[in-house]
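# Tertiary structure, described
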Amino acid sequence: MADKKKVYSGVRATGRLHLGNYLGAVKGMIALQDGYDCIFSVVDLHAITTPYDPRTLKQSTRDVILDFLGAGLDPAKCLLEVQSKVPEHMELAYYLSTIFPVSKLEDLPTYKDKKALHPKYVNLGLLYYPVLMAADVLLYKGELVPVGIDQEPHLEVMREVARKFNGMFGKTFPEPQRFATEGEYVPSLMGPGKMSKSVTGSYILLTDDLDTIRRRLAGAPTDSGKAGGDVPTEGGVANLFVLMSLFGGRQMYQKFEQDYKEKKIRYSEMKDTLSELIYQELKPIQEKRKGFEENPELVDGIIQEGSEACRKRAQETIREVKEKMGLY
Ligand code: TRP
């Protein structure tokens, strides 16, 4: 595998994944596992920087792994890691933190957003988040990072850290690039913004059954259906059409577009069709996931073996870094 490019990506341990995670990230990861040397991680150490429940974190981490496996990530083709099982992430993050200015971390938009969101939970780990993320990727000398555009500021920190380290201690790390997979932007069911776990009513989970999908779509806002003209470009109706094109393809889209233009659209019918289409796509994933869920030892083994293999690689980097930095 040495000649293949190294890919690393992390998904926060937020529990079951939704359609946005699936179309925006996981599908891209599945496409990459065949041609690249991939590590995909559930980043539980990042998850604890914002308020969370220690009683459910483990299950949340495991739910992401189960969704990965159900969706088709294959432990024979890529390494699956649970971040906290490889403590070298934290070790490297500390080393890297000594060469990076605090002021630059304070200026990051992601840090400012989180501060505004949880004003009573502004902890050192939150400030440190991008350093730990840089360490995640650099620990494996990752070159390509499939993540959303919103992570670009963090990728810049990563490259800056790598450059600075190389300048101070000799060439060690590549400068990782964001890898834009053909991920789709999945809109929120509720109107503005994208589908997100933190917005109630905005998402459909990969594990939702048909009734649940119907119920969630029923809550999505529409209009009176008498507007006619072109399909709107924003708002609840626009989002339904985006989902229709993602799951129903061109033909289905055009059918409902025609109805809209002729002012005879019935949103209940559209939502019903959409529910069926989404469920058809999710059903095989759910069946596969269930197979893993019913075999907890197998899943434990996958987590254990993946993380151990990662740890071996991580330790090599740590050895090299300590040597270069003059540490014992
Ligand atoms: N910050 C990323 C997110 O919120 C998650 C993450 C942590 C990550 N470490 C990473 C992504 C390393 C890619 C590589 O989506």
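For the structure, check the block above.
Residues numbered from 1 in each chain as written. Predicted model: local features only at pLDDT ≥ 70, side-chain atom pairs only at ≥ 80, totals over all residues. Heavy atoms only, no water.

Time to look at the packing of aromatic side chains. If you walk through the whole model with that rule in mind, you get 7 aromatic pairs. Of the aromatic side chains, those joined through ring pairs into one cluster are F165, F169 and F173. Lying over the aromatic face of Y129, K114 brings its terminal NZ or CZ to 4.8 Å of the ring centre. Over the ring of F256 we find K255; its NZ or CZ atom is 4.4 Å from the centre of that ring. (Phe/Tyr/Trp six-rings, centres within 6.5 Å; stacked < 30°, edge-to-face > 60°. Lys NZ or Arg CZ within 6 Å of the ring centre and 35° of its normal.)

Turning to empty space enclosed by the protein, a few remarks are in order. Evaluation of the coordinates by the stated rule reveals 2 cavities of 30 Å³ or more. Here the largest cavity defines a volume of roughly 60 Å³. Lining of the largest cavity is provided by L105, T110, Y111, K114, L126, L127, Y129, P130 and H154. Looking at the lining of the largest cavity, the elements with two or more residues in it are α6 (109-117) and α7 (124-138). If one sorts the elements of the lining of the largest cavity by residue count, α7 sits on top with 4 residues. Looking at the lining of the largest cavity, its residues break down into 6 nonpolar, 2 polar and 1 charged. (1 Å grid on protein atoms, 1.4 Å probe; cavity = no way out; pocket = protein on both sides within 12 Å on 5 of 7 lines; lining within 4 Å. Points joined across faces, edges and corners; volume = space filled by probe spheres on them. Helix = DSSP H or I, 4+ residues; strand = E, 2+ residues; numbered from the N terminus. Nonpolar A, V, L, I, M, F, W, Y, C, P; charged D, E, K, R; others polar.)

Take the pairing of strand β2 (residues 37-43) next. Counting buried residues along β2, 7 of its 7 residues qualify, which places the element largely inside the surrounding structure. Neither face of β2 is open: one carries D37, I39, S41 and V43, the other C38, F40 and V42, and all of them are buried. Sheet topology places β2 next to strand β3 (residues 79-82); 4 bridges connect them, and they run parallel. Within the sheet, the bridge partner assigned to S41 lies in β3 and is E81. (Buried < 20%, exposed > 50% of the residue type's maximum accessible area, 1.4 Å probe, protein only. Pairing = 2+ DSSP bridges.)

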